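Results of the structural survey
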Amino acid sequence: MVPVFAALLLTVSFARAESLYLSICSSMTDVYRELESDFAAGHPEVKLYSNIGPSGSLAKQIEQGAPADLFISANPDWMHYLVEKKLMDGSSETVLAHNTLVFVGPPDNPCSGPGDLIRLNRIAIGNPAS
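All values reported here derive from a predicted model rather than from experimental measurement.

Our next topic: helix 4 (residues 76-84). The set of residues buried in helix 4 consists of Trp78, Met79, Tyr81 and Leu82. Angularly, the buried residues of helix 4 cover 155° about the axis, an arc narrow enough to put them on a single face. Across from the buried face of helix 4, at angles greater than 90 degrees, the exposed residues are Asp77 and Glu84. The inward-facing, buried residues of helix 4 abut helix 3 (55-63) and strand 3 (70-72). One side-chain oxygen at the N-terminal end of helix 4 lies 2.8 Å from the backbone nitrogen of Asp77; it belongs to Asn75. One or two positions beyond helix 4, positive phi appears at Lys86, with a value near 60°.

Written out as structure tokens, the structure is:
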């Protein structure tokens, strides 16, 4: 996945742009930070402005006028949202990575799927609305 992201970042230079505005989902922060310094070293003439946060928040910021030459979202629905609003060209959408839902439980009470949730005393989840 990292080589695809690196290639994407390198091709975003839009005919020798002096600055690039990047909206990157939080889950890509570590990968982006690694690539950012490499890109900056190879392209000192390009100033990178990175905006890192939840995909929904980034999409709403773009909708409200925040500049973005590249938007990397963890949720394709937010990409489609921007396409529907005519703020993004749908033909530029590319899948860079996938993830998997993981259930984790203590060794004495293992959790292997949604059916096991009823046995647990405490449950922690991400925000389903985002």
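A full pass over the atoms with the stated rule returns 3 salt bridges. Among the ionic pairs, Arg33 bridges to Glu36, the shortest N-O distance being 2.9 Å. Of this pair, Arg33 and Glu36 both sit in helix 2 (residues 29-42), separated by 3 residues, roughly a single helical turn. With relative accessibility at 41%, the residue Arg33 sits in the partly exposed group. In this structure, Glu63 engages Lys60 in a salt bridge whose closest nitrogen and oxygen atoms are separated by 3.7 Å. One end of the pair is Glu63 and the other is Lys60, both in helix 3 and 3 residues apart, which spans about a single turn. Since its relative accessible area comes to 28%, Glu63 is described here as partly exposed. A cluster of three or more residues bridged by salt bridges with shared partners is formed by Lys60, Glu63 and Lys85.

Cut-off values and rules
What you see as residue numbers is a count from 1 along each chain, following the sequence as written. Local features are withheld for residues below a pLDDT of 70 in this predicted model, meaning they are given only at 70 or higher, and side-chain atom pairs are given and counted only at 80 or more; totals for whole chains, interfaces and linings count all residues. Just so you know, side-chain values use all the structure's heavy atoms and leave hydrogens and water out. With a 1.4 Å probe rolled over the protein chains alone, any residue whose accessible area is under 20% of its type maximum counts as buried; one over 50% counts as exposed, and the rest are partly exposed. Runs of H or I in DSSP of at least four residues are treated as helices and runs of E of at least two as strands, each being numbered from the N terminus. As used here, the arc belongs to the directions running from the helix axis to the C-beta atoms. Residue contacts are defined here by distance: any two heavy atoms, one from each residue, within 4.5 Å place the two residues in contact. Two N or O atoms count as a polar contact when they lie within 3.5 Å, although within protein this holds only if one can serve as hydrogen donor and the other as acceptor, and sequence-adjacent residues are included solely when both atoms are side-chain atoms. A pair is scored as a salt bridge if a Lys or Arg side-chain nitrogen falls within 4 Å of a carboxyl oxygen belonging to Asp or Glu.

Geometric values such as these leave the question of function open.
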